[in-house]
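# Observations on the model geometry
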Amino acid sequence: MQSPDGDVFDCVLSHLQPAFDHPLLKGHKPLTKLLSVIYLFISLQDPPERPKSNETSGTEEIIAESFQQWHDSGGSCPEGTVPIRRTTEKDVLRANKLRRFGKKPIRHLRRDSSGNGHEVCNYHYQSHAVVFVNGEQYYGAKAKLNVWAPKVTDPYEFSLSQIWVISGSFENDLNTIEAGWQVSPELYGDSYPRFFTYWTTDAYQATGCYNLLCSGFVQTNNKIAIGAAISPRSSYRGRQFDIGLMVWKDPKHGHWWLEFGSGLLVGYWPAFLFSHLRSHASMVQFGGEIVNSRSTGAHTYTQMGSGHFAGEGFGKSSYFRNLQTVDWDNNLLPLNSMHLQADHPNCYDVRQGRNTVWGTYFYYGGPGRNIRCP
C-alpha cells in the first residue's frame, strides 16, 4: 500500500522478514537453524512480560498522541504479515557511501558506558544534548517525547530524538539499542520525522542498521511500520504531539522488546545479537543528536528538536517527559542521579525538571549555527 507521503509498504509474511536471514541462523546446520528459527517464532507468538509501574500516568489535555501517516492509506497489513517500507533504487543511490547504506556514520568513540557519554572524532561530527544515568544495571527505559520536523540543511546530515540503551566500552565493542524519531534526507529522501530503530554490537562499525534494513530486529506488529512518517507534529506556540516509547528486556526469553505509543508492541531484538546487552545495560540515555558534515567549514544550521533552546519551555522547546528505567525485577522506576550533557551548549542545550504530572522531564534542542555557535 502507498502512503500519502509517497512511501510504499509491503506486507511481508512474518517468517520471511529480514530478521530470519541473520548470519547466526544461516551458519547453523539445518536442524540447529530450524530450532533457532522455531525459537524466534515462538518468541514472536509469546507476548513479553511488561514492566510493572507504580506511577499514575497523568497528562495535560493540550498534548495529543502522534501516530503514523501511512495509516491514512488503508490501516494495516493482514494478520501473519508485517509492514516493511520498500527500499527503492533512489534510496540506495542517495547514500553517501553505498556500503554504509542504512547505517549510522562510523565513530571513533572514547570513554566507557560507565563514564559520561559520547566523544566523537570522524569525517562526520555529532552533537548531543542528552540526559543519562549509569553506574547500575538497567533492563530497560521508557519516556514520552514530542515530535517535530527540525530543519536539516545538508543531505548527509540528520537530526534525531531517541532513547539509547547501552552497554560495553565506547571503543570497538559498544552495544546499543536505539529507538525514536528522526529526520534524515539521506535515508528517506524527505524532511518528515520518522519512527526509527537502530542497533549495533561493535560501535557502529559493521553490525546493525536502521529499521529493517538488515537482519536483526524481529517485528511482530502488523499495524506499526518502522521508518514510516509520524503525523501530526508539534508546532511552535501551537499544539503539541508526542509519542511514547519503551525498550525493555523480557524476563521470560531475554529479548529486548520495543513498545510504541499506548502499549503497542512493535517487536524485539533477539538476545543473541548482543554481547554485553545479552545480560543488561550499563547506561541509558535520552535526548537529541545531530550530524554536522561541516560541508561549509562552519557549524551546521541543522536544528535539533524544535530548533529552539531548552529555556523557551513548553510549546516552544522539544521535551522528554515521564522518564523511567527498568530494574532487575522488571519494575519501572524514576531516574536517580541523572546527568546532563550538551556537547556544544551554544548550539544545542538541555535543562531538566520534575513535577507531579510529567515526573522527571527535560527540555532540549537548539538552532545549530547562530551568533554564539559559529
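An account of the accompanying structure is given in this report. Per-chain numbering applies: the sequence of each chain, read as written, is numbered from 1 onward. Reporting in this predicted model follows two pLDDT cut-offs: at least 70 for local features of residues, and 80 or more for side-chain atom pairs to be given and counted; totals over whole chains, interfaces and linings ignore these cut-offs and use all residues. Side-chain figures throughout are based on the complete set of non-hydrogen atoms in the structure, without hydrogens or water.

## Some thoughts on the sheet that holds strand β5 (residues 125-138)
Two orientations exist for strands paired in a sheet by backbone hydrogen bonds: parallel and antiparallel. Pairing within the open sheet is antiparallel, and its 6 strands lie in the order β9-β8-β7-β15-β5-β18. Either end of the sheet is taken by a strand with one partner, and the two such strands are β9 (194-200) and β18 (339-342). The mean inter-strand angle of the sheet, taken between neighbouring strand axes irrespective of direction, is 15°. At least two bridges found by DSSP between two strands is the condition for calling them paired. The secondary structure listing takes helices from DSSP runs of H or I that are at least 4 residues long and strands from runs of E that are at least 2 residues long, numbered from the N terminus. Alignment of β5 against β18, held across 4 bridges, turns out to be antiparallel. Bridging from a neighbouring strand, Phe132 pairs with His339 of β18. All axes here are fitted lines through C-alpha atoms, helices being fitted over the stretch that makes contact, and every angle between N-to-C directions spans 0 to 180 degrees.

## Observations concerning the side chain of Ser215
Tracing the backbone shows Ser215 in the loop between β9 and β10 (218-219). Burial classes follow relative accessibility: with a 1.4 Å probe on protein chains only, a residue under 20% of its type's maximum area counts as buried, one over 50% as exposed, and anything between as partly exposed. Take Ser215: its relative accessible area is 15%, and that puts it in the buried class. What Ser215 contacts, discounting residues up to four positions off in sequence, is Pro18, Ala19, Asp21, His22, Pro23 and Trp199. Any two residues whose heavy atoms approach within 4.5 Å are treated as being in contact.

## Remarks on the pattern of salt bridges
Salt bridge, as used here, is a side-chain nitrogen of Lys or Arg placed within 4 Å of a carboxyl oxygen of Asp or Glu. Under the definition given, this model contains 12 salt bridges. A salt bridge links Asp10 to Arg86, with the shortest nitrogen-to-oxygen separation between them at 2.6 Å. With Asp10 in strand β1 (residues 9-13) and Arg86 in the loop between β4 (81-85) and α3 (89-93), this residue pair connects regions lying 76 residues apart in the sequence. Residue class for Asp10 comes out partly exposed when judged on its relative accessible area of 26%. With relative accessibility at 42%, the residue Arg86 sits in the partly exposed group.

## With respect to the pairing of strand β8 (residues 175-183)
β8 sits mainly inside the fold: 9 of its 9 residues count as buried. In the sheet, strand β7 (residues 159-167) pairs with β8 via 9 bridges, with the strands oriented antiparallel. Opposite Ile166, over in β8, you have Thr176 as the bridge partner.

## Some words on the nonpolar core
Generally speaking, a soluble globular protein has its nonpolar side chains buried in company with each other. By convention a nonpolar core is built from buried Ala, Val, Leu, Ile, Met, Phe, Trp, Tyr and Cys residues, the set being connected through side-chain atoms within 4.5 Å. If you look at the biggest cluster of nonpolar residues, it comprises 52 residues, and the most contacted ones within it are Trp181, Phe195, Trp256, Trp269, Phe286, Phe320 and Leu323. When neighbours within four sequence positions are excluded, Phe320 is seen to be in contact with Ala143, Lys144, Leu145, Ser161, Gln162, Ile163, Phe286, Gly287, Tyr361, Phe362 and Tyr364. Residues Ile166, Leu174, Tyr188 and Met283 belong to the second largest nonpolar core, which totals 17 residues.

## Describing the environment of Tyr268
Within the fold, Tyr268 resides in strand β14 (residues 264-269). For Tyr268, a relative accessible area of 0% corresponds to the buried category.

Purely geometric numbers; function is a separate question.
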